Amino acid sequence: MIKRIKSRRGETLVEMLVSITILVLALSILSAMLAAAYNSENAAREADKAFYKKELSPAEAQTGTPEKEIVKIDGTTVHITMDVDIYSGEKGELKSYKKP
C-alpha cells in the first residue's frame, strides 16, 4: 500500500485534457443526434396533420363536389360496370368511392 502512495505514476495534465476533450466531443455528437431526431419528429407530425386535414378527412367524409366516373371491375367469374362518385382531397392522392 505504501508503494502505491509513493508511486510517481498517475494521471498527467495532458491525459486529463485529452479525456475531457473526448468526453466533450461525445456529448456534442449526442446532442446533435438528439436535435436531429427532435426536428425529424416535428416535421413528421406536421406532415401527418397536413395529410389528415387536406386528404384523409375530405375523402372519408365525402365532402365537396364528386367526380363522376364509370368503373369496370373484372373478376375471374364476374364482370361489373357501374357509375360511381369519387371524392378526394386537394391533391387527389387519396380517393373514396360511393355508388350514387
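Going by the structure above, here's the rest.
Counting from 1, residues in each chain are numbered in the order their sequence is written. Given that the model is predicted, a residue must reach a pLDDT of at least 70 before its local features are reported, and side-chain atom pairs must reach 80 or more before they are shown or counted; all residues, however, enter totals for whole chains, interfaces and linings. Only hydrogens and water are set aside when side-chain values are computed; all heavy atoms of the structure are taken into account.

A. Summary view of the pairing of strand β1 (residues 67-74). Here's how the labels work: a residue is buried when its accessible area is under 20% of the maximum for its type, exposed when over 50%, partly exposed in between, all with a 1.4 Å probe on protein chains only. Strands here mean DSSP runs of E at least two residues long; helices mean DSSP runs of H or I at least four residues long; both are numbered from the N terminus. Of all eight residues in β1, zero are buried; the element is thus mostly exposed. DSSP calls a pair of strands paired once it identifies at least 2 bridges connecting them. As judged from the eight bridges shared by β1 and strand β2 (residues 79-88), these two strands associate in the antiparallel manner. Residue pairing for β2: Glu67 is matched across the bridge by Ile86. Hairpin remark: β1 followed by β2, antiparallel, with four residues in the connecting loop.

B. Focus on the environment of Glu93. Note on placement: Glu93 falls in the loop between β2 and β3 (95-98). Residue class for Glu93 comes out exposed when judged on its relative accessible area of 55%. Working rule for contacts: check all heavy atoms of both residues, and any pair within 4.5 Å makes them a contact. Excluding anything up to four places from it in sequence, Glu93 contacts Phe51 and Glu55.

C. Looking closely at the pairing of β3. By the bridge criterion, four bridges tie β2 to β3 in an arrangement that is antiparallel. Note that in β3 the partner of Tyr87 across the bridge is Ser96. From the end of β2 to the start of β3, which pair antiparallel, there are six residues, and Gly92 there has a positive phi angle of about 75°.

D. Summary view of helix α2 (residues 13-61). In a helix, the anticipated span is given by 1.5 Å times the number of residues less one. Here α2 is 49 residues long and its end C-alpha atoms lie 70 Å apart, about the 72 Å a rise of 1.5 Å per residue gives. At Tyr52, α2 shows its largest kink, close to 45°. What α2 keeps buried is the set Glu55, Pro58 and Ala59. In the core, the buried residues of α2 are packed alongside β2 and β3. Taken from the residues just after α2, Gln62 is the one with a positive phi, measuring 55°. Bend, at a single residue, is the angle you get between axes fitted to the 7 residues ending at that residue and the 7 residues starting at it.

E. Region of the structure containing the environment of Asp83. By the secondary structure assignment, Asp83 is in strand β2. Take Asp83: its relative accessible area is 49%, and that puts it in the partly exposed class. Taking the C-alpha atoms as reference points, Asp83 and Lys98, 15 residues apart in sequence, are found 8.9 Å from one another. Ignoring any residue separated from it by four or fewer positions in sequence, one finds Asp83 in contact with Glu69, Ile70, Lys99 and Pro100.

Everything listed here is a matter of coordinates, which is why it stays silent on function.
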